[in-house]
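Coordinate analysis (summary)
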Amino acid sequence: PQEPAPALTARGLKARYGGFTALDGVDLDITPGRVTAIIGPNGAGKSTLFHCLAGTLRPAGGRILLGARDITRLPAHARTRLGIARTFQQLAVFPSLTVAENVHVGAEQGRLPDPAAAERTLRLLTLDGPLRDLPAAALPTGTLRRVELARALAGSPRVLLLDEPAAGLDTAEVTALTRVLKALAADGTALLVVEHDLDLVADLADVVHVMTAGRIVASGPPDHVLDTAWAVAP
Ligand code: ADP
Ligand code: MG
């Protein structure tokens, strides 16, 4: 079968913090219907790449394309509007808003601002029961990660960027997360997952890229990449 066109593309992406080069020419395709994973040791530049794709960090060089459109200079909120949704490694929900309110804000900021989509997402992530009207501040990490994911999904994104979605989750929560992410990919969403949990990556990813010192140093299917010495423990 023909390779689908990438939803989001990085070409020659560079990022610097002062004089320090954190991304040193990254080429990446994020494809609809697939889970693309980035692994690599702490400090490799995974979150920096993520910030450049999401629009919260301005690259020092290179280009980012959404489909054929150059979005390198678009701010984060405009990218969200065009269908690039993200979650944060450090959780970022509105603590004083309820679960449902957080998810509805996500819908309003998204590609298709639709309250019905927010309600569907609340059901999909089983946040429509007693959790629905609780303030986010009261919730444990695993539930907050679910709220964040729901907030990102409520805007019907074409591209979903996830930075360490399994951090702080227990085994049952990881299983539930895996099921949801696989279903999203099967529906045609393009997923990028930055993740330390290599078991999760092996289970979830269609293609894995290994980053070290701001470069992608190995790429391939998980059974190939994770068996090599590149799969450095975080
Ligand atoms: P990873 O997510 O792979 O652990 P990061 O992208 O967070 O890596 O960081 C890549 C490198 O950039 C690290 O050396 C880190 O110390 C540095 N770095 C990250 N954020 C900043 C910042 N805001 N200011 C200066 N250096 C930073
Ligand atoms: Mg990181």
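Rules behind the numbers
- Residues numbered from 1 in each chain as written.
- Chains lettered and ligands numbered in written order.
- Predicted model: local features only at pLDDT ≥ 70, side-chain atom pairs only at ≥ 80, totals over all residues.
- Axes fitted to C-alpha atoms, helices over the stretch in contact; angles between N-to-C directions.
- Helix = DSSP H or I, 4+ residues; strand = E, 2+ residues; numbered from the N terminus.
- Parallel < 35°, antiparallel > 145°, perpendicular 65-115°, else oblique.
- Left-handed = near helix turned anticlockwise from the far one by under 90°.
- Contact = placed C-beta atoms within 7 Å.
- Nonpolar A, V, L, I, M, F, W, Y, C, P; charged D, E, K, R; others polar.
- Buried ≥ 20, exposed ≤ 12 C-beta atoms within 10 Å, placed from the backbone.
- Pairing = 2+ DSSP bridges.
- Core = buried A, V, L, I, M, F, W, Y, C linked by C-beta atoms within 7 Å.
- Domains from an automatic or database assignment.
- Near = placed C-beta within 6 Å.
- Expected span 1.5 Å × (residues − 1).

Take the packing of helix H3 (residues 99-109) against helix H5 (residues 141-153) next. Taken N-terminus to C-terminus, the directions of H3 and H5 make an angle of 30°; their axes are 6 Å apart at the nearest point. Considering the angle they form, H3 stands roughly parallel to H5. The two elements H3 and H5 meet at a crossing, and its hand is right-handed. Listed contacts from H5 to Val-99, Asn-102, Val-103, Val-105 and Gly-106 of H3 are Val-147, Ala-150, Arg-151 and Ala-152. Class assignment for the residues of the contact of H3 with H5 results in six nonpolar, two polar and one charged.

Moving on to the pairing of strand S7 (residues 159-163). Of all the five residues making up S7, five are buried; the element is thus mostly covered by neighbouring parts of the structure. Covered by surrounding structure in S7 are Val-159, Leu-161 and Asp-163 together with Leu-160 and Leu-162, the residues of both alternating faces. In this sheet, S7 lies alongside strand S6 (residues 84-86) in parallel orientation, the contact comprising three bridges. Across the sheet, the residue bridging to Ile-84 is Val-159, located in S7. Looking at chain direction, S7 and strand S8 (residues 190-194) are connected through five bridges and run parallel. Bridged to Leu-161 within S8 is Leu-192.

Read from one edge of the open sheet, four strands run S2-S1-S4-S5, paired in antiparallel fashion. At either end of the open sheet lies a strand with only one pairing partner, and these are strand S2 (20-30) and strand S5 (69-70).

The tendency in soluble globular proteins is for nonpolar side chains to be buried side by side. With 64 residues, the main nonpolar core has Ala-37, Leu-53, Val-103, Ala-150, Leu-161, Leu-191 and Val-193 as its most contacted residues. Per element, the largest residue contribution to this core is six residues, and it comes from H5. The residues that make up this core include at least three from each of domain 1 (1-83 + 158-165 + 175-234) and domain 2 (91-157). Setting aside anything within four residues of it in sequence, one finds Val-103 in contact with Ala-118, Thr-121, Leu-122, Leu-127, Val-147, Ala-150, Arg-151 and Ala-154.

Accessible area lost upon the coming together of the parts is a frequently used measure of interface size. Taken domain by domain, the protein comprises domain 1 (1-83 + 158-165 + 175-234) and domain 2 (91-157). Averaged C-alpha coordinates put domain 1 and domain 2 at centres separated by 23 Å. Counting residues at the interface gives 11 residues for domain 1 and 10 residues for domain 2. For the side of domain 1 that touches domain 2, the secondary structure elements donating two or more residues are helix H2 (76-82) and S7. Here the side of domain 1 that touches domain 2 takes four residues from H2, the largest share from any one element. Classifying every residue of the side of domain 1 that touches domain 2 gives five nonpolar, four polar and two charged.

Quick look at the sheet that holds S7 now. Spatial ordering of the open sheet is given by S6-S7-S8-S3-S9-S10, a layout of six strands whose pairing is mixed. Edge positions in the open sheet fall to S6 and strand S10 (215-220), since each of these has one partner strand only. Averaged over all pairs of adjacent strands, the angle between strand axes in this sheet comes to 20°, irrespective of strand direction. Across four bridges, strand S3 (residues 35-39) lies against strand S9 (residues 207-212) in parallel orientation. Within S9, the residue paired with Ile-38 across the bridge is His-209. Along the sheet, helix H1 (residues 46-54) makes contact with S3, S6, S7, S8 and S9, crossing S7 at roughly 150°.

Here we take up the site of ligand 1. In the neighbourhood of ligand 1, the contacting residues comprise Tyr-17, Phe-20, Ala-22, Gly-40, Asn-42, Gly-43, Ala-44, Gly-45, Lys-46, Ser-47 and Thr-48. At the level of elements, S2 and H1 are the ones that each hand at least two residues to the shell around ligand 1. If you tally residues by element for the shell around ligand 1, the top one is H1, at three residues.

Attention now goes to unusual backbone geometry. Within the chain, Thr-126 stands out as a residue other than glycine whose phi angle is a positive 45°. Structurally, the position occupied by Thr-126 is in the loop between helix H4 (115-124) and H5.

Since the α-helix packs 3.6 residues into each turn, any two residues three or four apart lie on the same face. Here H5 spans 18 Å end to end across 13 residues, near enough to the 18 Å set by a 1.5 Å rise per residue. A large share of H5 lies buried, amounting to 10 of its 13 residues. Listed as buried for H5 are Leu-144, Arg-145, Arg-146, Val-147, Glu-148, Leu-149, Ala-150, Arg-151, Ala-152 and Leu-153. For H5, the elements touching its buried residues are S6, H3, H4 and S7.

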